[in-house]
Amino acid sequence: MTGSFLKRNPSVPVVLGLLLIGTLAITAMAASGGLSTSFVKTLGMTLCLALAALAMDLVWGYAGILSLGNIAFFALGGYMIGMWLMTARTEGIVAESLAGQAIPPTPQEIRDAVGGQIFGVVGSSDFPTIWAFSGSLPAQLALVVLVPSALALVFGWLAFRSRVTGVYLSILTQAMTLALALYLFQNDAGLRGNNGLSGLQNLPGLSGVPQSTVSLWFLWGSALALGLGYLLCAFVVSGKFGAILRGIRDNEARVRFLGYPVEGYKLAVFTLSAAITGIAGALYYPQAGIVNPAEMMPIASIYLAVWVAIGGRGRLYGAVIGAIAVSLISSFFTSGKLPDLDLGPLRLVWVDWWLVMLGFSFVLVTLLAPKGLGGLVDLWTQRRRPARHGADLGPDQGSFREEEAKA
Amino acid sequence: MSTLLEVSGVSVSFDGFRAINNLSFHMGAAELRAVIGPNGAGKTTFMDIVTGKTRPDKGTIRWGEKGISLLGLSEARIAREGVGRKFQKPTVFEDQTVRANLLVALRNKRGPFAALFWRPGPADLERVDALSETIGLAAHLDRKSGELSHGQKQWLEIGMLLAQEPRLLLVDEPAAGMTVAEREKTTEILVEAAKTRAVVVVEHDMEFVRRLNCRVTVLHEGSVLAEGSLDHVTSNPDVIDVYLGR
Ligand SMILES: Nc1ncnc2c1ncn2[C@@H]1O[C@H](COP(=O)(O)OP(=O)(O)OP(=O)(O)O)[C@@H](O)[C@H]1O
Ligand SMILES: [Mg+2]
């Protein structure tokens, strides 16, 4: 809580520096043709996942709320930006094709034609009410933040107020996510049912710009969002607010009896996490090209938690490391580029076996290295700073362990 | 002497078992009080009721000059009204430094937004230094509180309560698990604290209670069995019967 921002957050310059260097290197390699467009997109998407993991760490690692609802906020962010992308781009196409007609089309005709194009797959041609603002980019950008936050606020208020905690809270958040996914699967939910929103990689009005360029724009956008998100999270967790969050995680009753409105804090951090996750989703799905309700199935929630656990809970860079490492290794194994291994009776298909390996490493990390990959950083910082302040030398203060350690 | 806390006719049952039975209890504004009683007498439950953790089935609790009712207020709200509580087991934020523990406890605005932008000023840091002096942890401010010895954790928790600047301090078995020297120090801290505020100490150790040198309330089966000076209550035959005799 004391000291300058950088002193409280020594990881900030390191993470931001690495992010900048990494992004510059990727850009240079992509420009010289060394990286495929699809790989650049994968990297950009990975940065978005890291941002989502960061937001997950905020609620789970710091406040102790294992939210399995964050993936819903992620997908909702994608849906909100996707609504504008689809509407605006279809409008462009329709306007072009109708322009050749003798009588210029009325705005209503264009609107109807766009509706027919977008909702034809679900047997409709009218814009549902929730698409009311889909023509406006600023409105949909606002909704990227507002819709996930509002959902988190309402859900959190109900859950925290009744003092649901621990595994019950996790189950509740999972139920929320599943309910939302099942709702969105329905055609009359107004978001094209199981088709979801597609063609999101095509930016309206920029059909002349090649995807190789667009992919770099999004890479930079994602890197910027991750950098700003990291700064914001560092600010939030390193002050008194963060001390209270960790207090709630470790001893909720103590915080309460100190006079802090615990529910208010949980609600604040849950809503902030939802907003950040929504932004991450809004940057992710235009790179993925498609968002549909399957993105919110339980396995996705688990993924988010696994990244944070493997990276190391309760430290911001842990979440970033975990998400980047695991999702890159994951895309390597599931790319199909790795030849399958023939082991006589057993055929090792990496695409399938990867999940088993991931599950296994999750168990190993949880049991053997609860600090996760981020814990490796401790080895390094402790070697540099021998003053242990008594840590890990046992609590017995009669024995002058600190002095002994210096010798 | 003006009354700070007035508990009257309070009862509470858990699954039909009456843990607190028509209990009445008064505290003045700057008073030290020891509460003793056998295991299960309802001492901790009494604190639970005053701090809002447990809702009584009946009875009233009046607080302060205006005599507002504490019933129905949340724990956090009651704490902000000026009731500080030390738990029976030491509860501090083990993952954070002693300084951070005290800084968090300092009396300040408690809302999330206020906390987000709060920075400790020189006055706050001085206050923390002074508090750490009081509780004998000045040399340990930068250690994680999880590394402290059991007794030091108890002191830290008392220090956090003092930082909160409560008008009433409820202290549940502060000397449990302490060495003799630590107990003496704890007595000093509590006696000093009671000069400017009301302090209720629950304790089993008679030596400790004697050193507190204050009015004593004996609880038994959820109600007050006797009240007065230590010598007065220890010569009470009922008290000898249920508590001291065993
Ligand atoms: N939440 C609860 N549910 C059920 N019974 C409870 C609950 N809290 C307390 N009790 C019971 O109420 C009685 C009083 O308990 P309390 O903890 O107040 O005793 P105590 O005087 O603090 O004892 P000790 O000296 O052992 O700390 C005990 O019999 C206990 O089992
Ligand atoms: Mg007790």
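Reading the values: the criteria
- Residues numbered from 1 in each chain as written.
- Chains lettered and ligands numbered in written order.
- Predicted model: local features only at pLDDT ≥ 70, side-chain atom pairs only at ≥ 80, totals over all residues.
- Heavy atoms only, no water.
- Helix = DSSP H or I, 4+ residues; strand = E, 2+ residues; numbered from the N terminus.
- Rg over C-alpha atoms; globule rule 2.2 N^0.38 Å.
- Buried < 20%, exposed > 50% of the residue type's maximum accessible area, 1.4 Å probe, protein only.
- Contact = heavy atoms within 4.5 Å.
- Areas by Shrake-Rupley, 256 points an atom, 1.4 Å probe, with all protein chains shown as cover.
- Pairing = 2+ DSSP bridges.
- Axes fitted to C-alpha atoms, helices over the stretch in contact; angles between N-to-C directions.
- UniProt positions renumbered as here; feature names shortened; annotations may be inferred.
- Donors = N, O, S within 2.8 Å, 3.2 Å for Na, K, Ca; no water.
- Domains from an automatic or database assignment.
- Buried area = accessible area lost by both parts, 1.4 Å probe.
- Polar contact = N/O pair within 3.5 Å; in protein donor to acceptor, adjacent residues only side chain to side chain.
- Near = heavy atom within 4 Å.
- Nonpolar A, V, L, I, M, F, W, Y, C, P; charged D, E, K, R; others polar.
- Core = buried A, V, L, I, M, F, W, Y, C linked by side-chain atoms within 4.5 Å.
- Disulfide = S-S within 2.5 Å.
- Salt bridge = Lys/Arg side-chain N within 4 Å of Asp/Glu carboxyl O.
- Phe/Tyr/Trp six-rings, centres within 6.5 Å; stacked < 30°, edge-to-face > 60°.
- Patch = residues over 30% accessible without salt bridge, like charges linked within 9 Å, V, L, I, M, F, W, Y side chains within 5 Å.

Here's the deal with the overall build of chain B
For chain B, the helix and strand inventory stands at 10 helices and 10 strands. For 246 residues, the compact-globule estimate of 2.2 N^0.38 gives 18 Å, and the C-alpha radius of gyration of chain B, at 18 Å, lies within 12% of that figure. In terms of overall dimensions, chain B has a C-alpha envelope of 55 × 40 × 35 Å along the principal axes. Split into buried and exposed, the 246 residues of chain B put 57% on the buried side. Look at the contacts in chain B between residues 6 or more apart in sequence, and 68% of them connect residues 24 or more apart. As presented, chain B carries roughly 10,300 Å² of accessible surface, and 50% of it is formed by carbon and sulfur atoms.

Here's the deal with the sheet that holds strand β1 (residues 3-14) of chain B
All names here are of chain B. An order of β2-β1-β4-β5 is seen for the four strands of this open sheet, with the pairing classed as antiparallel. With partners counted over all chains shown, the strands left at the sheet margins are β2 (17-28) and β5 (68-69), one partner each. Across five bridges, β1 lies against strand β4 (residues 58-63) in antiparallel orientation. By the bridge assignment, Val 7 is partnered in β4 with Ile 61. Each of β1, β2 and β4 touches helix α1 (residues 43-50); the most contacted strand, β1, lies at about 115° to it.

Digging into the UniProt feature "transmembrane region" (unreviewed entry) in chain A
All names here are of chain A. Those residues carrying the UniProt feature "transmembrane region" (unreviewed entry) are residues 67-86, 141-160, 167-185, 217-243, 264-284, 290-309, 316-333 and 353-380 in this numbering. In the segment residues 141-160, helix accounts for 100% and strand for 0%; the C-alpha atoms at its two ends are 28 Å apart. Along residues 264-284, the helical share is 100% and the strand share 0%, with 30 Å between the first and last C-alpha atoms.

Description of the coordination of the magnesium ion (ligand 2)
Residue and element names in this part refer to chain B. Those protein atoms acting as donors to the magnesium ion (ligand 2) are Thr 44 (OG1) and Gln 88 (OE1), and they sit at 1.9 to 2.4 Å. Note that Thr 44 is positioned in helix α1 and Gln 88 in the loop between β6 (83-86) and α3 (98-105), a separation of 44 residues in sequence. Classification of Thr 44 by relative accessible area gives partly exposed; the value is 26%. Looking at Gln 88, the relative accessible area reads 37%, which means it is partly exposed.

Here's the deal with the domain arrangement of chain B
Many structure descriptions define interface size as the accessible area lost when the parts assemble. Residue and element names in this part refer to chain B. Each assigned domain of chain B is listed with its residue range as follows: domain 1 (1-82 + 167-246) and domain 2 (90-165). Summarising the inter-unit geometry, the C-alpha centres of domain 1 and domain 2 are found 25 Å apart. Counting from both sides, the interface comprises 17 residues of domain 1 and, opposite them, 15 residues of domain 2. Counting each side, the surface lost to burial between domain 1 and domain 2 is near 1,200 Å², with a carbon and sulfur contribution of 67%. The interface formed by domain 1 and domain 2 holds four residue pairs in polar contact (both at pLDDT 80 or more) in total. Of all elements in the fold, only α2 (75-81), β7 (168-172) and α7 (180-193) reach the threshold of two or more residues within the side of domain 1 that touches domain 2. The dominant element in the side of domain 1 that touches domain 2, judged by the number of residues it contributes, is α7, at six residues.

What to know about the site of ligand 1
Residues and elements named next belong to chain B. Neighbouring residues of ligand 1: 14 residues in total, closest Asn 39, Gly 40, Lys 43, Thr 44 and Thr 45. The side chain of Lys 43 places a nitrogen or oxygen atom 2.8 Å from an oxygen atom of ligand 1. Interatomic distance of 2.6 Å between a side-chain N/O atom of Thr 44 and an oxygen atom of ligand 1. Out of a free accessible area of 630 Å², ligand 1 has 63% covered by protein chains. Counting residues per element, the ones that place at least two in the shell around ligand 1 are β2 and α1. Its residues assigned to classes, the shell around ligand 1 comprises five nonpolar, seven polar and two charged.

Examining the nonpolar core
Grouped together as the largest cluster of nonpolar side chains are 169 residues, with contacts concentrated most on Leu 156 and Val 199 of chain B. At 17 residues, the largest contribution of residues to this core is made by helix α3 (residues 37-62) of chain A. In contact with Leu 156 of chain B, not counting residues within four places along its chain, are Val 92, Val 98, Asn 101, Leu 102, Ile 135, Leu 137, Ser 145 and Leu 148 of chain B.

Details of the state of the cysteines
Summed over all chains, the structure comprises zero disulfides over all chains. Free cysteine Cys 48 of chain A: the closest other cysteine sulfur is in Cys 233 of chain A, separated by 15 Å.

Quick notes on the pattern of salt bridges
Residue and element names in this part refer to chain A. Inspection of the entire model under this criterion finds 23 salt bridges over all chains. A salt bridge links Arg 256 to Glu 252; its shortest N-O distance comes to 2.5 Å. Pair noted here: Arg 256 and Glu 252 are both in helix α9 (residues 240-257), with a separation of four residues, about one helical turn. Glu 252 shares its class with Arg 256; the two are buried. Across the pair Glu 263 and Arg 256 runs a salt bridge, and its minimum N-O distance is 2.9 Å. Assessed through its relative accessible area of 22%, Glu 263 is described here as partly exposed. By relative accessible area, which is 6% here, Arg 256 ends up buried.

Describing the packing of aromatic side chains
Residues and elements named next belong to chain A. On inspection of all chains with the given rule, the structure shows 18 aromatic pairs over all chains. Taking 5.0 Å as the distance between ring centres and 85° as the angle between the ring planes, the aromatic pair formed by Phe 119 and Trp 131 counts as edge-to-face. Taken as a pair, Phe 119 in helix α5 (residues 107-119) and Trp 131 in the loop between α5 and α6 (137-161) lie far apart in primary sequence, 12 residues in all. Like Trp 131, Phe 119 is buried.

Considering the interface of chain B and chain A
At the interface, 42 residues of chain B touch 33 residues of chain A. Across the chain B/chain A interface, buried area totals approximately 3,200 Å², and carbon plus sulfur atoms make up 61% of it. Counting the contacts that link chain B with chain A gives three salt bridges. Taking the shortest distance from any N to any O, the salt bridge between Glu 157 of chain B and Arg 254 of chain A comes out at 2.4 Å. Joining chain B to chain A, the criterion identifies 12 residue pairs in polar contact (both at pLDDT 80 or more). Among the secondary structure elements, those contributing two or more residues to the side of chain B that touches chain A are α2, β6, α3, α4 (112-117) and α6 (150-163) of chain B.

Structural notes on a nonpolar patch on the surface
Residues and elements named next belong to chain A. The grouping of Leu 341, Leu 343, Leu 346, Trp 353, Val 356 and Met 357 at the surface amounts to a nonpolar patch, some 490 Å² of accessible area in total. Every element with two or more residues in the nonpolar patch is listed here: β3 (341-343) and α13 (350-368). Topologically, Leu 346 is positioned in strand β4 (residues 346-348).

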